[in-house]
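# Descriptive analysis of the structure
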Amino acid sequence: MSTPGRILVCLKQVPVPGRGVFDERTKRIRRDDDQAVTNPLDLHALAQGMALRAQTGWEVVAVTMGPPAAAETLLDALRRGADRAVHLVDRRFAGADTLATARALARLVERERPDLVLTGRATLDGGTAQVGPQIAELAALPQLTQATNLRIGDGVLAADVETDVGREVWTVAMPAVISIGRGTEPPWVTEADPSAVETLTAEDLGGGPRDFGTRGSPTFVAEIRHEARKRSTEYVSVGFDAAELLEVAFAPAAPEAEVVVPAPSRQIWAVAEPLPAGGLHPASLEALACARSVAGELRASVVAVLPCDRPQEFPRVLYAHGADRVLVLRGTEPAEYRTDLVTDALSTAIAAHSPFAVIAPFTARGRDYAPRVAARLGLGLTGDFTALEVRDADTDEPDLLWLKPALSADVVAPVIAHSTPSMGTLRPGSFAVRAVRDQREPDVEFAGRSGAGDDLCNAVERRVEIPDAPRLAAARLVIGLGPGLGTGARRVAERVATTPGIALVATSAAVAAGEAPPQLEIGPLARSIAPAVYLGLGRHDLGTLQAVKAARRVVVVDPGAWLDAFTGLVDAVVTANVEGVLLDLLLAASRPVAS
Ligand code: FAD
């Protein structure tokens, strides 16, 4: 009789949104606080686990690593129907970054030997989306990220995977690690007996003192900065100052002197992302702008890393946006993206060239391969950062600070990595994208294929549904649809958002109401953005406003005034005498749309 299958669901206790506080002394979040909940996406993972249990009869085991107070998260999972619960609780786990966290959880995977490990896509506090892929790498298992609708047939798992431009259907051999992109929360169905929670210490998991907690972490939060309170959100009904908003959004970026480093002694890498439907994800050019921002201080050259077989005109575009050289990673065609191929190619290239830092985009693809690369090479990885700073620039060992908005709008947590290179995934919208020199063919180096991959994951179907969605990363003015505005508002907004520099997003409530596709979603369970101006139409909850907190200006317009908002924009455009397509489209958009 084969042993019944087992599904391990990883859940994290997080601060109630908006209530998290840092302990200024330890620079860690206070986890003893009674203001804590189970990370919402982890409950969606639990629901997926229980739906698979109904299909297979397998056991569902909930696990968390955290202080004693985190046992409440396991009681919550047991009340919602989990069969067993395991609490990794030990002082030696404290202060863990994602790699040390994943290492502890991967040790439990070895012990429990599950058929599936389910995690949430990301947490509400650290929000790096790194732990799932890092468990997979450390446990040498295949992975899918941002998956929904899991189903098992003939011993193989099938799942839908959300990308930045559409949806794919994948099958994966089990055991595997799957991070869940969205779903529902399972209801409480029973009482929970605290004695049903098994506790394990670092001893029980084996391994030495340098495996877990602060000592096992290649990154640390260097300080907690309280920034001057940003201008808060303006709630307006009609007659907001659209001209001023346009000025903020489209103000020509200050001319930037080309960074010329005479004798570079280091390299900063910016990983580009060719899109399946053609072109480069704008986040690729932002990564170059970010690398350029510290190249002079670090006396570093900027290298664009291009995972694709046919570089086409991309090297010229990358050179114009600041790349001194281009390294093409062969064997990783964008339309045939696979985690294993890009992870193998990038890890091999980093090991061969030892750059000082590697910046990848915080996109669906970047969140999929970058954590695995960092885990494979034991590197510190800062997730969803928005800026870089250099400390001790004139020494032989300068520090690179990866700045991360944390918990609330005015707190920034600079993260430093002990490792070289250090890595980071850059939040889209954090840097203005602009060419700094004319296009020409740069030095291009080709890295050969680094292996055929493992064939454990197969894409059965790949659909590009919103090819334009990545333009969000380069948008200066982002229009956000709240719920209940109806199709007229969305059509007008879609027209306006075809303008270079303007993009359209939707709140989680609007996506949940079926009024916008998931690829446009912003919010704590989706994505954060950092445009110059965010113009929200209709109801915006605290979570949505958190997701746009890095914007310079946030204006939310009363639900009943969305067309006035566009008219105000059109008037401003005419007054501002904005040339070209922006004017045409805004004027066209102001004409009522036949609904
Ligand atoms: P994510 O990677 O976003 O979580 C994904 C999924 O993994 C979760 O949905 C859950 O299913 C599972 N999971 C995560 N943690 C646990 C757990 N403890 N127990 C069980 N399952 C879990 N560390 C870094 O390495 N790099 C950073 O950039 C970084 N930035 C941080 C910023 C802030 C503001 C804070 C508070 C912490 C940061 N950390 C960072 C530390 C990091 O939050 C912790 O290591 C945490 O345990 C995992 O990271 P995460 O919250 O980003 O989880």
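Residues numbered from 1 in each chain as written. Predicted model: local features only at pLDDT ≥ 70, side-chain atom pairs only at ≥ 80, totals over all residues. Heavy atoms only, no water.

Looking at an unreviewed UniProt entry, one finds the protein named Electron transfer flavoprotein small subunit, with Amycolatopsis acidiphila as its source organism. Regarding the protein, the UniProt comment filed under Subunit (unreviewed entry) reads as follows: "Heterodimer of an alpha and a beta subunit." The protein has a UniProt comment under Cofactor (unreviewed entry) that states "FAD". (UniProt positions renumbered as here; feature names shortened; annotations may be inferred.)

## As for the side chain of T101
When you line up the elements, T101 lands in helix α3 (residues 98-112). For T101, the side chain forms a polar contact with the main-chain oxygen of D97, separated by 2.8 Å. Every residue in contact with T101, bar those within four places of it in the chain, is listed here: M65, A96 and V131. (Helix = DSSP H or I, 4+ residues; strand = E, 2+ residues; numbered from the N terminus. Polar contact = N/O pair within 3.5 Å; in protein donor to acceptor, adjacent residues only side chain to side chain. Contact = heavy atoms within 4.5 Å.)

## Topic: the sheet that holds strand β25 (residues 422-426)
Here 7 strands make up an open sheet; going across it, the order is β21-β25-β20-β17-β18-β19-β26 and the pairing parallel. Single-partner strands in this sheet number two, and they are β21 (381-385) and β26 (443-447). Within this sheet the neighbouring strands show an average axis-to-axis angle of 20 degrees, counted without direction. Across 5 bridges, the pairing between strand β19 (residues 325-329) and β26 is parallel. Each bridged residue has a counterpart across the sheet, and for L327 the counterpart in β26 is E445. The strands touched by helix α7 (residues 282-298) within the sheet are β17 (266-271), β18 (300-307), β20 (357-361), β21 and β25, with β17 carrying the most contacts at an inclination of about 165 degrees. (Pairing = 2+ DSSP bridges. Axes fitted to C-alpha atoms, helices over the stretch in contact; angles between N-to-C directions.)

## A closer look at helix α10 (residues 364-377)
Given 3.6 residues per helical turn, the α-helix brings residues three or four places apart onto the same face. For α10, with 14 residues, the first-to-last C-alpha span of 21 Å sits near the 20 Å given by 1.5 Å per residue. Buried residues dominate α10, accounting for 12 of its 14 residues. Buried within α10 are the following residues: A364, R365, G366, R367, D368, Y369, A370, P371, R372, V373, A374 and A375. Looking one or two places after α10, you find G378, whose phi comes out positive at around 70 degrees. (Expected span 1.5 Å × (residues − 1). Buried < 20%, exposed > 50% of the residue type's maximum accessible area, 1.4 Å probe, protein only.)

## What to know about the pattern of salt bridges
Considering all chains together, one arrives at 34 salt bridges under this definition. Between E168 and R365 there is a salt bridge, with the nearest N and O atoms lying 2.9 Å from each other. Taken together, the positions of E168 in strand β11 (residues 166-173) and R365 in helix α10 put the pair 197 residues apart, joining distant regions of the chain. Since its relative accessible area comes to 5%, E168 is described here as buried. (Salt bridge = Lys/Arg side-chain N within 4 Å of Asp/Glu carboxyl O.)

## Concerning the packing of aromatic side chains
Inspection of every chain in the model, using the stated rule, returns 2 aromatic pairs. Residues F93 and F212 carry aromatic rings whose centres are separated by 5.3 Å and whose planes lie at 75 degrees to one another, so their mutual orientation is edge-to-face. With F93 in the loop between β7 (84-88) and α3 and F212 in the loop between α5 (202-205) and β14 (219-221), this pair connects stretches of sequence that are 119 residues apart. Comparing F93 with F212 shows no difference in burial state: the two are buried. Both rings, one in F385 and one in W402, keep their centres 4.9 Å apart while their planes meet at 90 degrees; by these two values the pair is edge-to-face. Taken together, the residues span a long stretch of sequence, with F385 in strand β21 and W402 in strand β23 (residues 399-405) at a distance of 17 residues. The side chain of R79 reaches across the aromatic face of W188, ending 4.7 Å from its centre. The side chain of R437 reaches across the aromatic face of Y319, ending 4.1 Å from its centre. (Phe/Tyr/Trp six-rings, centres within 6.5 Å; stacked < 30°, edge-to-face > 60°. Lys NZ or Arg CZ within 6 Å of the ring centre and 35° of its normal.)

## Considering the environment of A70
Of note, A70 is situated in the loop between β6 (59-65) and α2 (71-79). Take A70: its relative accessible area is 2%, and that puts it in the buried class. Excluding anything up to four places from it in sequence, A70 contacts Q13, T64 and H87.

## As for the packing of helix α4 (residues 131-138) against α10
Packing of α4 against α10 leaves a shortest axis separation of 8 Å and a crossing angle of 45 degrees. One way to sum up the angle between α4 and α10 is to call them oblique. Considering only the axes of α4 and α10, their crossing is right-handed. Note on element contacts: α10 touches α4 through R367, D368, P371, R372, A374, A375 and R376, opposite P133, Q134, A136, E137 and L138. Among the residues making up the contact of α4 with α10, the classes are represented as 6 nonpolar, 1 polar and 5 charged. (Parallel < 35°, antiparallel > 145°, perpendicular 65-115°, else oblique. Left-handed = near helix turned anticlockwise from the far one by under 90°. Nonpolar A, V, L, I, M, F, W, Y, C, P; charged D, E, K, R; others polar.)

## Looking at the packing of α3 against α4
The geometry of α3 relative to α4 is characterised by a closest axis approach of 8 Å and an angle of 50 degrees between their N-to-C directions. By the angle class used here, α3 and α4 are oblique. Classified by chirality, the crossing of α4 by α3 is right-handed. Listed contacts from α4 to T98, L99, T101, A102, R103, L105, A106 and V109 of α3 are V131, Q134, I135 and L138. Split into classes, the residues belonging to the contact of α3 with α4 amount to 8 nonpolar, 3 polar and 1 charged.

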